[in-house]
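These are the residues of each chain, in order.
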Amino acid sequence: MKTISIVGTGLIGGSAALDLRKAGNVRELIGVDQNPEHAARAVELGLVDRILPLQEAAAVSDVLLVAIPVSAIQKLLPSLLDMLPPQAVVIDLGSTKSLLCEAVRQHPNRAQFVAAHPIAGTEYSGPTAALEGLYQGKMNIICEKELSSEHALHTAQEVFSTLGLKTIYMQPEEHDKHVAYVSHLSHVSSFLLGLTVLDVEKDERNIFTLAGSGFASTVRLAKSSPDMWAPIFEQNAHFLSHALAEYIKHLQRFQECLQSGQTQELYQMMQQANQIRPVLDGIAQVSPVVK
Ligand SMILES: NC(=O)c1ccc[n+]([C@@H]2O[C@H](COP(=O)([O-])OP(=O)(O)OC[C@H]3O[C@@H](n4cnc5c(N)ncnc54)[C@H](O)[C@@H]3O)[C@@H](O)[C@H]2O)c1
Ligand SMILES: O=C(O)C(=O)C[C@]1(C(=O)O)C=C[C@@H](O)C=C1
């Protein structure tokens, strides 16, 4: 039986809390949140049993799951490791890894930390967005495994197995490069698609009466919180800029072909893009539908 603190009682922390409680092997779930309304809501919803300030939570917890914006994780990790009792383990669930790993690489208590990233989420945020089963069958990345102690890795693995996550290992730079393409670029693309259509709507009344499910599915991520995404884009600016340059090249080529009537090349571009089908089918097979 473990006492687990959820630092950041929003979508990611709250969803983890729901499944940890359901599994039944936690003594107590403690919430830490800088937003008093979120803290109160997390208790009301039964995500956590009570709220404590970070220092008090750290003193009584076996595990602390850190699920706050990545800029806040970068700032908080060194002081959290400073105040950590010897057997406690800190696991961060942030969407970037290079700067977070760098922030504590030389810390004397680095072995008590596990840098992780569950590839699961939604476009909603805050405690009311927490979902049971969010992590079931999803991938989880642990970075710089070699710097975590066996005890920390074992403890983290217990938590991840309870959530139904499947863990793989990567170095932080490799992680950040890959997520720039498969996660961060999708969000930029969706935010800017939303913005483009909203801009046009100022002059073209009723444009949204024609919006169907195609529009809704490509623009879904534009509903995501800037509080979470601005720090991710900032921390991963290097790899995201490369990904954006590749994307812009394709967009420009598409526009050139369209303007010059090169229909055959447009057709070929779309045919090449269809290669995404088996890739997505593969992802669907390893990721059962979220409850
Ligand atoms: N949303 C996703 O799809 C997703 C997926 C995987 C990982 N992540 C990562 O998980 C983390 C949390 O994301 P989320 O979607 O749960 O966000 P969220 O906005 O739903 O929840 C974050 C919570 O942290 C609190 N908070 C912010 N700064 C704090 C601080 N300094 N101290 C204490 N509490 C603080 C907020 O009040 C909020 O309740 C982020 O690092 C994000 O990159 C998100
Ligand atoms: O499905 C969504 O809504 C998500 O945004 C989830 C998603 C992703 O891009 O796949 C978002 C950020 C993460 O760090 C991990 C998962």
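Use the structure listed above.
Predicted, not measured: the structure shown is a model, and the values here were computed from it. (Residues numbered from 1 in each chain as written. Chains lettered and ligands numbered in written order. Predicted model: local features only at pLDDT ≥ 70, side-chain atom pairs only at ≥ 80, totals over all residues. Heavy atoms only, no water.)

Caption draft 1: The arrangement of the overall build of the protein chain in detail. When helices and strands are tallied, the protein chain shows twelve helices and eight strands. The C-alpha radius of gyration of the protein chain comes to 21 Å, within 12% of the 19 Å expected for a compact globule of 291 residues. Expressed as lengths along the three principal axes of its C-alpha atoms, the size of the protein chain is roughly 65 × 40 × 35 Å. The 291 residues of the protein chain split such that 43% are buried. Of the roughly 15,500 Å² of accessible surface on the protein chain, 57% is carried by carbon and sulfur atoms. Side chains of the protein chain give 22 positive and 30 negative charges; the mean places of these two sets differ by 5 Å. (Helix = DSSP H or I, 4+ residues; strand = E, 2+ residues; numbered from the N terminus. Rg over C-alpha atoms; globule rule 2.2 N^0.38 Å. Buried < 20%, exposed > 50% of the residue type's maximum accessible area, 1.4 Å probe, protein only. Areas by Shrake-Rupley, 256 points an atom, 1.4 Å probe, with all protein chains shown as cover. Lys, Arg positive; Asp, Glu negative; His and termini not counted. Charge placed at Lys NZ, Arg CZ, Asp CG, Glu CD.)

Caption draft 2: Fine view of the site of ligand 2. The environment of ligand 2 is formed by Ser95, His117, Pro118, Ala120, Gly121, Thr122, Glu123, Ser183, His187, Arg220, Leu221 and Trp229. Glu123 has a polar backbone atom sitting 3.5 Å from an oxygen atom of ligand 2. Here an oxygen atom of ligand 2 and a side-chain polar atom of Arg220 are 2.8 Å apart. Of all the elements in the fold, those that place two or more residues in the shell around ligand 2 are β6 (113-118) and α7 (172-201). Classifying every residue of the shell around ligand 2 by side-chain character gives four nonpolar, six polar and two charged. Per-domain counts for the shell around ligand 2 show at least three residues from each of domain 1 (2-170) and domain 2 (175-286). (Near = heavy atom within 4 Å. Polar contact = N/O pair within 3.5 Å; in protein donor to acceptor, adjacent residues only side chain to side chain. Nonpolar A, V, L, I, M, F, W, Y, C, P; charged D, E, K, R; others polar. Domains from an automatic or database assignment.)

Caption draft 3: Structural detail: the packing of aromatic side chains. Summed over all chains, the structure comprises three aromatic pairs. Pairing Phe191 with Phe233 gives two aromatic rings, centres 6.3 Å apart and planes at 90°, and the pair type is edge-to-face. Residue Phe191 is located in helix α7, and its partner Phe233 is located in helix α9 (residues 226-235); the two are separated by 42 residues in the primary sequence. The structure contains a cluster of three or more aromatic residues connected by ring pairs, namely Phe191, Trp229 and Phe233. In this arrangement the basic side chain of Lys145 is found over the ring face of Tyr169, its NZ or CZ atom lying 4.4 Å from the centre. (Phe/Tyr/Trp six-rings, centres within 6.5 Å; stacked < 30°, edge-to-face > 60°. Lys NZ or Arg CZ within 6 Å of the ring centre and 35° of its normal.)

Caption draft 4: Layout of the side chain of Thr167. Counting through the fold element by element, Thr167 comes out in strand β8 (residues 166-170). Other than its neighbours up to four places away in sequence, Thr167 contacts Asn140, Ile142, Gln157 and Phe160. (Contact = heavy atoms within 4.5 Å.)

Caption draft 5: The arrangement of the pattern of salt bridges in detail. Inspection of the entire model under this criterion finds 15 salt bridges. Here Glu144 ties to Arg105 by a salt bridge, and the two come within 2.8 Å at their closest N and O atoms. Placement of Glu144 in the loop between β7 (139-143) and α6 (150-163) and of Arg105 in the loop between α5 (98-104) and β6 is noted, with a sequence separation of 39 residues between them. Judged by relative accessible area, Glu144 falls into the buried class, the value being 6%. Overall, Arg105 belongs to the partly exposed group, its relative accessible area being 32%. (Salt bridge = Lys/Arg side-chain N within 4 Å of Asp/Glu carboxyl O.)

Caption draft 6: Molecular detail of a nonpolar patch on the surface. There is a patch of nonpolar side chains on the surface, built from Ile276, Val279, Leu280 and Ile283 and spanning about 360 Å² of accessible area. Take Ile276: it is sitting in helix α12 (residues 276-286). (Patch = residues over 30% accessible without salt bridge, like charges linked within 9 Å, V, L, I, M, F, W, Y side chains within 5 Å.)

Caption draft 7: Layout of the packing of α7 against helix α10 (residues 237-259). Contact geometry for α7 and α10: axes closest at 8 Å, N-to-C directions at 50°. Between α7 and α10, the angle falls in the class oblique. Here α7 and α10 pass one another in a crossing that is right-handed. Residues Glu173, Asp176, Lys177, Ala180, Tyr181, His184, Leu185, Val188 and Ser189 of α7 form the contact with α10, whose participating residues are Phe239, Leu240, His242, Ala243, Leu244, Glu246 and Tyr247. Partitioned by chemical class, the residues of the contact of α7 with α10 number nine nonpolar, three polar and four charged. (Axes fitted to C-alpha atoms, helices over the stretch in contact; angles between N-to-C directions. Parallel < 35°, antiparallel > 145°, perpendicular 65-115°, else oblique. Left-handed = near helix turned anticlockwise from the far one by under 90°.)

Caption draft 8: Region of the structure containing the site of ligand 1. Ligand 1 sits among 26 residues. The nearest are Asp33, His38, Ile68, Ser95 and Gly126. In this structure, Gln34 approaches ligand 1 through a main-chain N or O atom, which is 3.2 Å from a nitrogen atom. Taking His38, its side chain carries an N or O atom lying 2.6 Å from an oxygen atom of ligand 1. Coverage of ligand 1 by the protein chains reaches 88% of its 830 Å² of free accessible surface. Of all the secondary-structure elements, those providing two or more residues to the shell around ligand 1 are α1 (11-23), α4 (70-82), β6 and α9. The element that contributes the greatest number of residues to the shell around ligand 1 is α4, accounting for three residues. Here the residues of the shell around ligand 1 are counted per class, giving 13 nonpolar, twelve polar and one charged.

Caption draft 9: The environment of Ile68, seen in detail. When you line up the elements, Ile68 lands in the loop between β4 (63-66) and α4. C-alpha of Ile68 to C-alpha of Ile283: the two residues are 215 residues apart in sequence and 27 Å apart in space.

Purely geometric stuff here, so don't read any function into it on its own.
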